[in-house]
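Chain by chain, the residues:
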Amino acid sequence: MKAMIFAAGLGTRLRPLTNDRPKALVTVGGKTMLERVITHIAESGFDDITINIHHFGGMIVKFLEEKSNFGLNIHISDERDLLLDTGGGLLKARKFLEGGDDEPFLVHNADILTDIDLKAMYDYAKQSDTLSTILVKPRVTQRYLLFDNTNQLRGWINKKTGETKPKGFNYKPGEYNELAFGGIHMISPKIFPLLEDYARGERVFSITPFYVDECGKHAIHGYQPKEDYTWLDVGKPDTLAQAESLFNLHCSG
């Protein structure tokens, strides 16, 4: 089972902590974000992991070497020459994520800490034969992905400005479920030629606009686990402090 961890970001929201290290190597409860994500992924059955690097990327390479790659098959997708954003980063890592079958692969942001059952999400994506299955949550934000009652993505809205996408999308309040992206996807390898066409030669682009623009043509589903789970975006100072308290409480308990 293959997975990719997005660890190339600049971590601007966590400055000054990221002035001398990549965000993925900021510690939470005595362990780096990256170690916590790798451990969770591995425990869920993913043993072939690609990690993209940019900001202080050499430190991530050294960290993995010191940890003997946690006993896993780990690849580095090197973006130190140019930060490619999520869509471009995914395309660059294509050679590591494609295989001889159409099994979905996991994509996980390095700053998302969660105990969600990733294997259950993987099984859902595989059984549903989706192009992408996206973890979503009903949390307060300015920008929402819009899903119908079959969990199919239909559009996007910025609640502050009223802007909607894709072009020509007819948004009616109450017609769709407004959900926020949770930083985890299960993606079919079938996405790669579609991303190539969408990029039109551009190297740097985000995957979210692709999802929104293409949702009328492909099965792109939102996924909400039935069971309760912990989820934290630790890419911000307030949530990082919250995560520190949570993990310290667990350790002391």
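Anything mentioned here points back to the structure above.
Residues numbered from 1 in each chain as written. Predicted model: local features only at pLDDT ≥ 70, side-chain atom pairs only at ≥ 80, totals over all residues. Heavy atoms only, no water.

Quick word on the overall build of the protein chain
Within the protein chain, the regular secondary structure consists of 8 helices and 14 strands. Over its C-alpha trace the protein chain gives a radius of gyration of 18 Å, about what one expects of a compact globule, namely 18 Å for 253 residues. With the C-alpha coordinates of the protein chain rotated into their principal frame, the extents come out at 50 × 40 × 35 Å. Summarising the internal contacts of the protein chain: among those between residues at least 6 apart in sequence, 74% fall at separations of at least 24. Taken as a whole, the protein chain presents about 12200 Å² of accessible surface, with 47% of it coming from carbon and sulfur. Measuring between centres, the 30 positive side-chain charges of the protein chain sit 4 Å from its 34 negative side-chain charges. (Helix = DSSP H or I, 4+ residues; strand = E, 2+ residues; numbered from the N terminus. Rg over C-alpha atoms; globule rule 2.2 N^0.38 Å. Contact = heavy atoms within 4.5 Å. Areas by Shrake-Rupley, 256 points an atom, 1.4 Å probe, with all protein chains shown as cover. Lys, Arg positive; Asp, Glu negative; His and termini not counted. Charge placed at Lys NZ, Arg CZ, Asp CG, Glu CD.)

Let's talk about the environment of proline 104
Positionally, proline 104 belongs in the loop between α4 (94–97) and β6 (105–109). Placed 80 residues apart in sequence, proline 104 and isoleucine 184 show a C-alpha to C-alpha distance of 13 Å.

Let's talk about a negative patch on the surface
Taken together, the side chains of Asp115, Asp117, Glu227 and Asp228 make up a negatively charged region of the molecular surface. Inspection of the secondary structure puts aspartate 228 in the loop between β13 (220–223) and β14 (231–233). (Patch = residues over 30% accessible without salt bridge, like charges linked within 9 Å, V, L, I, M, F, W, Y side chains within 5 Å. Salt bridge = Lys/Arg side-chain N within 4 Å of Asp/Glu carboxyl O.)

Some words on the side chain of threonine 32
Here threonine 32 lies in strand β3 (residues 31–32). The contacts of threonine 32, once residues within four sequence positions are left out, are Ala24, Leu25, Val26, Thr27 and Phe63.

Regarding the packing of aromatic side chains
Enumeration according to the criterion identifies 9 aromatic pairs in this entry. Between phenylalanine 63 and phenylalanine 70, the aromatic rings sit 6.0 Å apart at their centres with planes inclined by 50°, giving tilted as the arrangement. Ring centres 5.3 Å apart and planes at 50° place the aromatic pair tyrosine 124 and tyrosine 223 in the tilted group. Of the two residues, tyrosine 124 is situated in helix α5 (residues 118–128) and tyrosine 223 in strand β13; the sequence distance between them amounts to 99 residues. Residue class for tyrosine 124 comes out partly exposed when judged on its relative accessible area of 21%. (Phe/Tyr/Trp six-rings, centres within 6.5 Å; stacked < 30°, edge-to-face > 60°. Buried < 20%, exposed > 50% of the residue type's maximum accessible area, 1.4 Å probe, protein only.)

Some remarks on the side chain of threonine 114
Assignment of secondary structure puts threonine 114 in strand β7 (residues 112–114). Here threonine 114 falls in the buried class, since its relative accessible area comes to 14%. Of the polar contacts made by the side chain of threonine 114, one reaches the backbone oxygen of threonine 230; its length is 2.6 Å. Apart from residues no more than four positions distant in its own chain, threonine 114 is found in contact with His40, His108, Ile184, Tyr229, Thr230 and Trp231. (Polar contact = N/O pair within 3.5 Å; in protein donor to acceptor, adjacent residues only side chain to side chain.)

Topic: unusual backbone geometry
The peptide bond linking arginine 15 to proline 16 adopts the cis configuration, its omega dihedral lying at 10°. Checked against the element boundaries, proline 16 lands in the loop between β1 (2–6) and β2 (27–28). Omega for the bond connecting lysine 165 with proline 166 falls within 30 degrees of zero, at 5°, which places this linkage in the cis form. Despite not being glycine, asparagine 69 has its phi angle at roughly 55°, a positive value. The residue asparagine 69 is located in the loop between α2 (57–66) and β5 (73–78) in this model. Despite not being glycine, aspartate 85 has its phi angle at roughly 65°, a positive value. Inspection of the secondary structure assignment puts aspartate 85 in helix α3 (residues 85–92).

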